[in-house]
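Chain by chain, the residues:
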Amino acid sequence: MNRANWFAVSPEGAKAIGALHHYVANETNLPSTLVHLVFLRVSQINGCAHCIDIHTRDLIKEGVSVDKAVLVTVWHEAEYLFTEHERAALAWSEEVTRVSETHASDDAYAAALAVFGEKDLVDLTLTIAAMNAINRLGVSFRLKPRARS
């Protein structure tokens, strides 16, 4: 089934989502690699093939090893590959993306706050929210990955 091209059907909506994406990707104090790790992990949880493809490629372009990029989905088992900030961001990403299950627990919030501080934690949460919104559009409207067979 062909689905709507949401960019074309709602250019103002696309512009609004794009503005949030631009902010989190370019105007926070969060390192670009951390933002792309978060984008990738959130996309993995949500099953957005288009975004998984894009953000895996973005990480590799930024110099992240293929080994590390491939193991983002199981970062708990490969913690030694990730910095303290990356582990905290990935944990908070899972907590917020699964908010209907976790309710963003006080323990998880305290752990993330201890690493990031208030401003960066708010920006990290905006980063997670932006990718969750984009994933929902990508999955709902079946955006295809760039990968070719």
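Residues numbered from 1 in each chain as written. Predicted model: local features only at pLDDT ≥ 70, side-chain atom pairs only at ≥ 80, totals over all residues. Heavy atoms only, no water.

(A) Seen up close, the pattern of salt bridges. One pass over the structure, following the stated rule, counts four salt bridges. Here E94 ties to R41 by a salt bridge, and the two come within 2.8 Å at their closest N and O atoms. You can see E94 sitting in helix α6 (residues 84-97) and its partner R41 sitting in helix α3 (residues 32-46), a full 53 residues away along the chain. We note that E94, like R41, is buried. D53 is the partner of R57 in a salt bridge, and the nearest nitrogen-oxygen pair spans 2.6 Å. One end of the pair is R57 and the other is D53, both in helix α4 (residues 49-61) and four residues apart, which spans about a single turn. (Salt bridge = Lys/Arg side-chain N within 4 Å of Asp/Glu carboxyl O. Helix = DSSP H or I, 4+ residues; strand = E, 2+ residues; numbered from the N terminus. Buried < 20%, exposed > 50% of the residue type's maximum accessible area, 1.4 Å probe, protein only.)

(B) Highlighting the nonpolar core. Counting residues in each nonpolar core, the largest one holds 23 residues, and the members touching the most others are W92, F116, L124 and I128. For this core, the secondary structure elements donating two or more residues are α3, α6 and α8 (106-140). Excluding residues within four positions of it along the chain, I128 makes contact with V38, V42, W92, S93, V96 and T97. (Core = buried A, V, L, I, M, F, W, Y, C linked by side-chain atoms within 4.5 Å. Contact = heavy atoms within 4.5 Å.)

(C) The arrangement of the environment of I134 in detail. Along the chain, the position of I134 falls in helix α8. Here the alpha-carbon distance between I134 and C48, two residues 86 residues apart in the chain, equals 9.0 Å. Residues contacting I134, with those up to four places away along its chain left out, are I17, H21 and C51.

(D) Unusual backbone geometry, seen in detail. Phi at A104 is positive, roughly 45°, even though this residue is not glycine. Within the element layout of this structure, A104 appears in the loop between α7 (99-102) and α8. Residue class for A104 comes out partly exposed when judged on its relative accessible area of 26%. The residue R142 is not glycine, and still its phi comes out positive at about 55°. Topologically, R142 is positioned in the segment after α8.

(E) Fine view of the packing of α3 against α4. Viewed as axis vectors pointing N to C, α3 and α4 meet at an angle of 155°, and their least axial separation amounts to 9 Å. Considering their axes alone, α3 and α4 lie roughly antiparallel with respect to each other. The crossing of α3 and α4 is left-handed. The residues of α4 that touch α3, namely those facing T33, H36, L37, F39, L40, S43 and Q44, are C51, I52, H55, T56, D58 and L59. A class-by-class count of the residues in the contact of α3 with α4 yields six nonpolar, six polar and one charged. (Axes fitted to C-alpha atoms, helices over the stretch in contact; angles between N-to-C directions. Parallel < 35°, antiparallel > 145°, perpendicular 65-115°, else oblique. Left-handed = near helix turned anticlockwise from the far one by under 90°. Nonpolar A, V, L, I, M, F, W, Y, C, P; charged D, E, K, R; others polar.)

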